[in-house]
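A structural walkthrough
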Amino acid sequence: MSQQVRTRPEGSGRALSEAYDTALLDLDGVVYAGGEAIAHAVDSLVAARAGGMHLAYVTNNALRTPDAVAAHLTELGIPAEAGDVITSAQAVARLIAEQVPAGARVLVVGGAGLRVALRERGLVPVESADDDPAAVVQGYGGPELPWGRFAEACYAIARGVPWFASNTDLTIPSARGIAPGNGAAVAVVRIATGAEPQVAGKPLPPMHRETILRTGARRPLVVGDRLDTDIEGAFNGGVDSLLVLTGVTDGPQLLAAPPQHRPTYVDADLRGMLAGQPEVVEAGAGFRCGGWTATAGDGRLELDGEGEALDGLRALCAAAWTAAGEGVCELDGGKALARLAL
């Protein structure tokens, strides 16, 4: 798919919750962190939903079932049903079902979310390589996943059984910090077998296809905090995206983003869904947003003016992305970002 290279964040004269029919929302770092709601998330989502926007929650975490995720959201004050939740387990289960016979056995290395998703597709989860599986599927199984599960996967893969992975995120956030994610577990099996799995989760197309099939979205907006999963997934799906700064992405990473990691919109948190977005315009040799003007040259990014810090960041994005073109901006933006104190 060929796409025009984005060189600046876009503006919107309408609230994003009105301009798009469906929000495809990441969870960790966007809606909650460590299980607790992020500031302004609950009120923003309730207001967007009341205004007619369909909210769908899209997660690469294959451990929890949609019922469990929906119950958690409802407890936080965000009414949700299982049908509002799309997981990488569901995406990989569909991918497997398209390649194996109906009712086939699938060796599971993971948790309840994978088993429920496989049964939804008429597939039979099994525990051993000796159960004659037609496929192996691997998803995040939590900190208590036994080491022997990796061995079972390796035995089956060595016999030629096709291998699938829900996602390959190397890390996953927890209440105590950053923990190894499914990508780290996939690496264990990769090292032992030399094989490569078919992967379904963000940022790859099977996950985006799953969200569209389940939501029926006609004009979706991907909302996330990670450039390499949420924003790249939107890019691969050919849809618009909103990056919120409540998760892992910081200013330097955003300015250095290659084309596939450049969001359509940038905002502080989910309140950005309820408002329009300011326009970034050319201003002489630079770019202006609000009261700020950003320019690129002499090995660094410069920022002049005053006003809302986010407007300054948007102007800097335009200067950095334009200078980088189809590459990565290597100009020093440290001093300019320091002025914004984001």
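Look up: the structure comes first, before these words.
So, here's what we can say about the structure. This is a predicted model, so every value here is computed, not measured. (Residues numbered from 1 in each chain as written. Predicted model: local features only at pLDDT ≥ 70, side-chain atom pairs only at ≥ 80, totals over all residues. Heavy atoms only, no water.)

Time to look at the environment of Ala112. Looking at the element boundaries, Ala112 is found in helix α5 (residues 112–120). By relative accessible area, Ala112 is classed as partly exposed at 42%. A C-alpha to C-alpha distance of 8.3 Å links Ala112 and Gly141, two positions 29 residues apart in sequence. Leaving out residues up to four positions away in the same chain, Ala112 has contacts with Leu63 and Thr65. (Helix = DSSP H or I, 4+ residues; strand = E, 2+ residues; numbered from the N terminus. Buried < 20%, exposed > 50% of the residue type's maximum accessible area, 1.4 Å probe, protein only. Contact = heavy atoms within 4.5 Å.)

In space, the four strands of this open sheet follow the order β16-β17-β18-β19, with antiparallel pairing throughout. Edge positions in the sheet fall to β16 (281–283) and β19 (300–305), since each of these pairs with one other strand and no more. Between one strand axis and the next, the sheet turns through 30° on average, direction left out of account. Alignment of strand β17 (residues 286–289) against strand β18 (residues 292–297), held across three bridges, turns out to be antiparallel. Residue pairing in the sheet places Phe287 in a bridge with Ala294 of β18. Across the sheet, helix α11 (residues 309–324) is in contact with β17, β18 and β19; its angle to β18 comes to roughly 25°. (Pairing = 2+ DSSP bridges. Axes fitted to C-alpha atoms, helices over the stretch in contact; angles between N-to-C directions.)

Where strand β10 (residues 171–174) lies against strand β11 (residues 177–180), four bridges are found, and the strand directions are antiparallel. Across the sheet, Ser174 pairs through a bridge with Gly177, a residue of β11. Linking two consecutive strands that pair antiparallel, namely β10 and β11, is a turn of two residues.

Attention shifts here to helix α8 (residues 205–215). Turning to α8, its buried residues number three or more, namely Pro206, Met207, His208, Glu210, Thr211 and Thr215. Taken together, the buried residues of α8 touch β1 (22–25), β4 (54–59), β5 (85–87), α4 (88–97), β12 (198–199) and α9 (227–237). Following α8 by one or two positions, Gly216 adopts a phi angle in the positive range, close to 70°.

Moving on to the sheet that holds strand β13 (residues 220–224). As summarised here, the arrangement of the six strands in space is β5-β4-β1-β13-β14-β15, forming an open sheet in which the pairing is parallel. The two strands at the open ends of the sheet, each matched to only one other strand, are β5 and β15 (265–267). Neighbour-to-neighbour, the strand axes of the sheet open up by a mean angle of 25°, direction not taken into account. Note: β13 against strand β14 (residues 240–244), four bridges, orientation parallel. The residue of β14 that forms the bridge with Val222 is Ser241. On top of the sheet, α4 reaches β4 and β5; it is set at about 60° to β5, its chief contact.

When the charged atoms of two side chains with opposite charge come close together, those side chains can pair. Under the defined criterion, the tally for this structure stands at 17 salt bridges. Of the charged contacts, one joins Glu210 and Arg214 as a salt bridge, the two residues approaching to 2.6 Å between their closest N and O atoms. Remark: Arg214 and Glu210 occur in helix α8; sequence separation between them is four residues, near one turn of the helix. (Salt bridge = Lys/Arg side-chain N within 4 Å of Asp/Glu carboxyl O.)

So, on to the state of the cysteines. Scanning all chains against the criterion turns up zero disulfides. Residue Cys317 stays outside any disulfide, its sulfur separated by 9.8 Å from that of Cys289, the closest cysteine. (Disulfide = S-S within 2.5 Å.)

For the bond from Lys202 to Pro203, the omega torsion is 10°, close enough to zero to count as cis. Relative to the helices and strands, Pro203 resides in the loop between β12 and α8. Despite not being glycine, His40 shows a phi value in the positive range, around 75°. The residue His40 is located in the loop between β3 (36–37) and α2 (41–50) in this model. You will see that Asp132, though not glycine, has its phi angle at about 55°, which is positive. Considering the arrangement of structural elements, one finds Asp132 in the loop between β7 (124–126) and β8 (135–138). With a relative accessible area of 64%, Asp132 lands in the exposed category.

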